[in-house]
Amino acid sequence: MKIEVIRGALEDLNTPLLIINYFKDDIDKQIIKDKLLVKLDQDYDGLIQQSVERMEMRGESSSSVFIPEKNRSLLLLGSGKLKDFDVEDLKSLTAKGIRRAKSKGFTQMAFYIRGLEDMTHRISLLTESLYVGNYSFDLFKGKPEEDKPKTVIESIQIISESTDLKMDQRMAEEGEIIGQSINFAQDMINRPANHCTPTILAEQARDFSSKSSLELTILEQKDVESMNMGSFLSVAAGSKEPLKFIVMRHNPSTKTGTEKIALVGKGVTFDTGGISLKPSANMHEMKGDMSGAAAVIGAMVAISMLNLPIEVIGIVPATENMPSGNATKPGDIVKAMNGTTIEVLNTDAEGRLILADALCYAVKEKATRIIDVATLTGACVVALGEITTGVLGNDQDFVNRFMETCHTTGEKIWQLPLFKKYHEQLKSDVADLANIGGKYAGTITAASFLEKFVDKTPWIHLDIAGTNWASNENYHSKGGTGIKVTSFVHFIKELAS
Ligand code: BES
Ligand code: ZN
Ligand code: ZN
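Cut-offs and rules
Residues numbered from 1 in each chain as written. Chains lettered and ligands numbered in written order. Predicted model: local features only at pLDDT ≥ 70, side-chain atom pairs only at ≥ 80, totals over all residues. Heavy atoms only, no water. Core = buried A, V, L, I, M, F, W, Y, C linked by side-chain atoms within 4.5 Å. Buried < 20%, exposed > 50% of the residue type's maximum accessible area, 1.4 Å probe, protein only. Helix = DSSP H or I, 4+ residues; strand = E, 2+ residues; numbered from the N terminus. Contact = heavy atoms within 4.5 Å. Donors = N, O, S within 2.8 Å, 3.2 Å for Na, K, Ca; no water. Tetrahedral: all angles 85-135°; square planar, octahedral: opposite > 155°, others 65-115°. Near = heavy atom within 4 Å. Polar contact = N/O pair within 3.5 Å; in protein donor to acceptor, adjacent residues only side chain to side chain. Areas by Shrake-Rupley, 256 points an atom, 1.4 Å probe, with all protein chains shown as cover. Pairing = 2+ DSSP bridges. Phe/Tyr/Trp six-rings, centres within 6.5 Å; stacked < 30°, edge-to-face > 60°. Axes fitted to C-alpha atoms, helices over the stretch in contact; angles between N-to-C directions. Parallel < 35°, antiparallel > 145°, perpendicular 65-115°, else oblique. Left-handed = near helix turned anticlockwise from the far one by under 90°. Nonpolar A, V, L, I, M, F, W, Y, C, P; charged D, E, K, R; others polar.

**Q** Any details on the nonpolar core? Residues and values, ideally.
**A** Counting 57 residues, the largest nonpolar core has Leu-201, Met-248, Leu-263, Ile-371, Phe-402, Leu-462 and Phe-488 as its most contacted members. Ranked by the residues each element gives to this core, the list is headed by helix α9 (residues 291–305), at 10 residues. Residues in contact with Leu-201, not counting those within four places in the same chain, are Met-188, Cys-196, Ile-246, Thr-269, Met-290, Ala-293, Ile-297, Val-316 and Ala-318. Phe-232, Ile-354, Ala-446 and Ala-447 belong to the second largest nonpolar core, which has 47 residues in total.

**Q** Can you break down the coordination of the zinc ion (ligand 3) residue by residue, with the values?
**A** Within the protein, Lys-266 (NZ), Asp-271 (OD), Asp-289 (OD) and Glu-350 (OE) serve as the donor atoms for the zinc ion (ligand 3), at 2.0 to 2.4 Å. For the zinc ion (ligand 3), the 6 donor atoms in the first shell make angles of 77 to 173 degrees at the metal, so the coordination geometry reads as octahedral. Site description for the zinc ion (ligand 3): donor spacing in sequence, K-x4-D-x17-D-x60-E.

**Q** Before we move on, could you go through the site of ligand 1 and cite the residues and values that matter?
**A** Taken together, 15 residues lie around ligand 1, and Lys-278, Asp-289, Asp-348, Glu-350 and Gly-378 are the ones closest in. The contact in question runs from a nitrogen atom of ligand 1 to an N or O atom on the side chain of Asp-289, over 2.9 Å. With respect to ligand 1, the backbone of Thr-375 contributes an N or O atom lying 3.4 Å from a nitrogen atom. In the complex, 75% of the free accessible area of ligand 1, which totals 520 Å², lies under the protein chains.

**Q** Can you tell me about the sheet that holds strand β19 (residues 433–434), naming the residues and giving the values?
**A** A sheet is described by the order of its strands in space; here 3 strands give the open sequence β14-β15-β19, paired in mixed fashion. A single partner strand is all that each edge strand has here, and the edge strands are β14 (333–335) and β19. In the sheet, β14 pairs with strand β15 (residues 341–343) via 3 bridges, with the strands oriented antiparallel. The residue bridging Lys-335 from the neighbouring strand is Thr-341, located in β15.

**Q** How would you explain the environment of His-121 if you had to name every residue and give the values?
**A** By secondary structure assignment, the location of His-121 is in the loop between β7 (108–112) and α4 (122–134). His-121 sits 45 residues away from Leu-76 along the chain, and the two C-alpha atoms are 23 Å apart. Sequence-distant contacts of His-121, that is, excluding residues within four places in its chain, are made with Thr-408, Thr-409, His-490 and Glu-494.

**Q** Let's hear about the packing of aromatic side chains: which residues, and what values?
**A** Following the criterion strictly, the structure yields 11 aromatic pairs and no others. Plain terms: the ring middles of Phe-23 and Phe-85 are 5.2 Å apart, the flat faces sit at 85 degrees to each other, and that makes the pair edge-to-face. With a gap of 62 residues between them, Phe-23 in the loop between β2 (17–22) and β3 (27–28) and Phe-85 in the loop between β6 (73–78) and α3 (87–103) connect regions that are remote in the sequence. The class for Phe-85 is buried, based on a relative accessible area of 8%.

**Q** Mind laying out the coordination of the zinc ion (ligand 2), listing which residues take part and the relevant values?
**A** Protein coordination of the zinc ion (ligand 2) is provided by Asp-271 (OD), Asp-348 (O), Asp-348 (OD) and Glu-350 (OE), with donor distances spanning 2.0 to 2.2 Å. Around the zinc ion (ligand 2), the 6 donor atoms are arranged such that angles at the metal cover 70 to 166 degrees; this shape is classified as irregular. Spacing between the donor residues of the zinc ion (ligand 2) along the chain follows D-x76-D-x1-E. In this structure the zinc ion (ligand 3) is found 3.3 Å away from the zinc ion (ligand 2), and Asp-271 serves as a bridging donor for the pair. With Asp-271 in strand β12 (residues 267–271) and Asp-348 in the loop between β15 and α10 (351–364), the pair connects residues that are 77 residues apart, well separated along the chain. Judged by its relative accessible area of 22%, Asp-348 is partly exposed.

**Q** A description of the packing of α10 against helix α13 (residues 442–451) should follow, citing residues and the corresponding values.
**A** Relative to each other, α10 and α13 sit at 30 degrees, their axes nearing to 9 Å. Regarding the angle of α10 to α13, the classification is roughly parallel. Here the hand of the crossing between α10 and α13 comes out right-handed. Residues Arg-352, Leu-353, Leu-355, Ala-356 and Leu-359 of α10 lie in contact with α13, whose contacting residues are Ala-446, Phe-449 and Leu-450. Per-class residue counts for the contact of α10 with α13 are 7 nonpolar, no polar and 1 charged.

Quick look at the structure:
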């Protein structure tokens, strides 16, 4: 997919399809009043005005009108009121535009999206959204039927009004890199667990990062044993698939400061619950329990390709969580890398067990800030649904800064408190810590557990148990979302500047 940013008048544009958005404000009492649309309407012999009169074009964000034309067809996308148009609208509108165009068989098109003036990363996000909209998971689908060949997008033009076209082109290149990284994460999440074992995840990470200059290390069982990661090992104990501990380093020669950021992602390639077995209904969804890992690997490759001037280390503990004769049993006591003993009261609370050692590893690496990302608790899905990621942390300034970035990338996020009082729910009679905190405040007690392993390092935890998966097509197609890849890249970029 070739993407090019251009400037110029619409009439000179050479494309089989122009995709343009319009606002409720562009129409007044069933008459087009916006100058540009009036001009366009003349080019199309009044067809736009006609669709306004037929009430097809009213500006609602769900509405769209397609005007086929021999020379250049037109796809008009309703965008609501201009004053309400935000970055999430930009993203879903763009994704919708490319999907519609593709369904009509167009392989080339031009986008002219209006109303972007106040958006920070507009061209980058627009480009990223083209990749998200164009994405489909068909690794396991047979050959497309002959009468319905698959449409492959060749080239897209983005029409920009900015005066700095070079800058826009650079932002489009950034968006391409991020978009491809999101697609990588989506692919990994959508793969079923038999095609995404810890070994395959590590291989895919190696493959995908080969185009970057990341330094990749894959630690095996014996390495993890020698580092005393008893907590991580206890989760892997029940599985026949060997565990992998994936470390990705981005250490550029030019750096703007002395920060070293650790991104830590939960990589449970399938979560059966272990001996505390999950109910069978919808258990297949637990193939997505490595979405945190996918986000970290995707973001690390993008960070490296963009050569952001800051040191970043990506850490992914990867394993299955299975019941077997070797599996950890409820009540077992295990010891994490930092010496903390943990009573495993529920083997289904495995994410925090693998993250505990990964966080210790980040501390040992002398990370100056740690972000972990995990499909950690069903409680977070109950609280925030599929729409919003939960964030908790030990450093309010850090939380605020990250939330601010998510605001500019259109990935919704909301903070939950980490008051000390919640730590009491994790008391164990026989060990330093229990791995579950009772019925209430499940997302908070999970984060409280993690906090015990970050020492005093500024840290934030992201619970993506709801946002990693889209049940319906919206901005993302159904399935894995690759959530947080873009926020990570933009956040790291801001930290580096
Ligand atoms: N992977 C699950 C969390 C999850 C639930 C992710 C739903 C996506 C959708 C996690 O390992 C888990 O099982 N958590 C338990 C913790 C409980 C035993 C304290 C949960 O949330 O029920
Ligand atoms: Zn679990
Ligand atoms: Zn899990």
